[in-house]
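# Structural features, examined
One-letter residues, chain by chain:
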Amino acid sequence: MPLQDHYDVLVVGAGLSGIDAGYRIQTMCPGTDYAILEARESLGGTWDLFRYPGIRSDSDMFTLGFPFEPWTGEKSIADGADILAYLKNTAAKYGIDERIVYSTRVTAADWSSQDTRWTVTVTTPDGEREVTADFFYLCSGYYNYEQGYRPDFPGIEDFPGEVIHPQFWPADGLDVEGKRVTVIGSGATAMTLVPALARKGAAVTMLQRSPTYVISLPSRDAFAHTLRKLLPGKQAYAATRLKNAATSVGFYEFCRRAPGLATKVLRGGVARQLKDSGVDMAAFTPRYNPWDERLCVVPDSDLFTAIRQHDVEVVTDTVERIETDGIRTGSGRSIPADVIVTATGLNVQLAGGATVRVDGQECDPGSRYIYQGLMLEGVPNAAICIGYTNASWTLRADLSAKFFCRFVNHVRQQGHAYGYPTVEREMPTSPALDLAAGYIQRSIATLPKQGDRKPWFLRQNYFADRRDARRADVTDDMTFVRPGERRSPNDDVHRAGAAVGSVA
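Reference entry: report on the structure contained in this document. (Residues numbered from 1 in each chain as written. Predicted model: local features only at pLDDT ≥ 70, side-chain atom pairs only at ≥ 80, totals over all residues. Heavy atoms only, no water.)

Right, let's talk about the pairing of strand β15 (residues 326-329) for a bit. Bridge count for strand β14 (residues 319-323) against β15 is four bridges, and the pairing is antiparallel. Paired with Ile322 across the two strands is Ile327, which belongs to β15. Adjacent in sequence and paired antiparallel, β14 and β15 are bridged by two residues. One ladder, built from three bridges, connects β15 with strand β16 (residues 334-336); its direction is antiparallel. (Pairing = 2+ DSSP bridges. Helix = DSSP H or I, 4+ residues; strand = E, 2+ residues; numbered from the N terminus.)

This part covers the sheet that holds strand β9 (residues 180-184). Reading across from one edge, β8-β17-β9-β10-β13 is the order of the five strands in this open sheet, with parallel pairing throughout. This sheet does not close on itself; its edge strands, each paired only once, are β8 (162-164) and β13 (312-316). In this sheet, neighbouring strand axes are inclined to one another by 20° on average, regardless of whether the strands run parallel or antiparallel. Relative to β13, strand β10 (residues 203-208) runs parallel, the two being bridged by five bridges. (Axes fitted to C-alpha atoms, helices over the stretch in contact; angles between N-to-C directions.)

What the second largest pocket holds in volume is close to 640 Å³. Together, 27 residues line the second largest pocket, and Asp60, Leu217, Thr247, Ser248 and Val297 are the ones closest to its centre. Elements supplying a minimum of two residues to the lining of the second largest pocket: β11 (214-217) and α7 (233-257). Counting residues per element, the lining of the second largest pocket draws most heavily on α7, at seven residues. When the residues that make up the lining of the second largest pocket are grouped by side-chain class, the tally is 13 nonpolar, eight polar and six charged. (1 Å grid on protein atoms, 1.4 Å probe; cavity = no way out; pocket = protein on both sides within 12 Å on 5 of 7 lines; lining within 4 Å. Points joined across faces, edges and corners; volume = space filled by probe spheres on them. Nonpolar A, V, L, I, M, F, W, Y, C, P; charged D, E, K, R; others polar.)

So, on to unusual backbone geometry. Residues Lys454 and Pro455 are joined by a peptide bond in cis, for which omega reads 5°. Along the chain, Pro455 turns up in the loop between β26 (449-450) and α12 (462-471). Although it is not a glycine, Trp291 sits at a positive phi angle of roughly 75°. Note that Trp291 resides in the loop between α8 (259-274) and β12 (296-299). Using a relative accessible area of 9% as the deciding quantity, one classes Trp291 as buried. Within the chain, Asp477 stands out as a residue other than glycine whose phi angle is a positive 55°. (Buried < 20%, exposed > 50% of the residue type's maximum accessible area, 1.4 Å probe, protein only.)

Applying the stated rule across the entire model yields one cavity of 30 Å³ or more. One number sums up the size of the largest cavity: a volume of about 120 Å³. Along the wall of the largest cavity there are 13 residues; nearest its centre are Gly373, Ile386, Ala432, Leu458 and Gln460. Taken together, the residues of the lining of the largest cavity sort by class into eight nonpolar, four polar and one charged.

Right, let's talk about the side chain of Asp302 for a bit. Positionally, Asp302 belongs in helix α9 (residues 302-308). Once you skip the residues sitting within four places of it in the chain, Asp302 turns out to touch Pro195 and Arg199. (Contact = heavy atoms within 4.5 Å.)

The subject of this paragraph is the packing of aromatic side chains. For the structure shown, the criterion picks out 23 aromatic pairs. Ring geometry for Phe284 and Phe304: centres 5.5 Å apart, planes at 50°, overall tilted. On the criterion of sequence distance, the pair formed by Phe284 in the loop between α8 and β12 and Phe304 in helix α9 is long-range, its members being 20 residues apart. Exposure class is identical for Phe284 and Phe304. Each is buried. (Phe/Tyr/Trp six-rings, centres within 6.5 Å; stacked < 30°, edge-to-face > 60°.)

So, in C-alpha cells, the structure goes:
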C-alpha cells in the first residue's frame, strides 16, 4: 500500500495487536481511512522476527488467537511458523494486509492542538517524510526489536566460538550437532531453546542465575478437539477460548491468594517429571512466589524429556567471566562451551522508540497515569496497546482495540476535535505492569503508572476487565475539546501532576 499524506487513523505495528486493531477499526468504525505502519518488510511482529530453534507460543492459541478468527491448528501450544501463517492468513482474509505500509518506521509523533491532528515522522526506503492523522494507535508492543538485553559478561569479546542472542538467530540457521552449547537464562526463551538444541544433537547446559516456576502442559488441547467434533467451528473455538481464559485467570488467582499451596502443586508436578533424572529439585525451586514472575509452560514435557535423556544439564550459578574454552561460574566451576546463547531477556521500549510530543513538549510515559489500560493522561486522540502479563496478550489487546474504536466514534459523532484522559483528583500510584521480571524492573521508571480506581486501574483479570470495558463510559475522566476551542492538554497534566506529586 502506498503511503498517503493523511489518514483518519494511523496504527503502528503489524503484529498481533495491529492486525486486531485493523479488524476492529473496519468493523466498528466503518468508512474509516486507516493504515498500519510496519517498520519491517513483513507482518507478524514477534513471530516474524524471532527465528531461533523451537520458537513457539507460551500461551494457548485459543486465547492468543483472535476472537473473530478461529484457530484451527492441531496444537494449542503452537510452533512459531504456524502462528505466523495464521497471522498472514487472517490479515489476507479480512483485507487488513492491504492496509499495511511496510518498511516504514515511526521516529516521532507530534500532536498539535491548534491543528487538531498528529504529525507522524517516518523513515522509508525513499527517505524521511511526514504523515498526518486524526487518531494514533501504537500497537508496536513494549519490546525493543533492535536490541536484546545482554549483561556485560567479562571476557566475552575474547570467546572464539559463536555468541548469539536468540533475538538475532542466524537467518541460515546454526549447526550445533556434536557441539557443547551453553544457554544462559531460565525464562521462556531458554526453556524453548534447550530441548530444541538437544534434538539437533547438541550437548546443552542451561546456566541459570535463579530457577523459574515451570508447568508442563500438553501441546494438543483434547477439550478443543472433542468440541470440534460436536459443534460448528466458531462455536467450538469460542467455547474453548472461554474455558482456557477461565483456567488461566483461575490459576493465576489461586497462585496469588494461596502461594504456599500453589508452590506445592507446581513443585509436585516438576518432581514427577524429574524422577530418575538425577537432577535435584533445587534447580526448579524459585526464591519467589508463583506469578511474582511469569510462569514458563513446557509443552509435552519436552524440557524434562531432554533432561531425563541426559542431553541437558541444568546449572544454577552466576557467570564470573567468559573464558576461551567456556564459562567460569561464580562458584569456580568451568563449563566447557563451543557456543554460548545469551537468552538473558529483552529490553522494554514503548512506542517503538519514537519520540511523542504534545504541543511541542515531549511526553514521558513514566510520568503519566494510564487510562483504561491504553490511553495516557493528557495525550489526545491516541492510545497504546499493552497486553496482559499473566495471560495471553491478545485477550487484553482486543479489549483495548474495541475501547479505542468506541472513543474514535464518540469524538466524531459528538463533533469534538479531540479528547484526552484527565486526572481529577489525587491517587496513589503503582506500576502499570506489576511483575517482578527483570525486563520489567529494569524499565519500571519508563512505564506508565496506574491509580487505585477505575478507569485508572486494571485488575489483570480478563473477565473483570471485559465486564468493566463493556460498562465503561468513554466520557468518564475525559476532557473533550470542541473545534476552535483553544486548550492545551499540557496544562491539565501539569495541574494533575502538581496535585498528585507522586506521578513523576
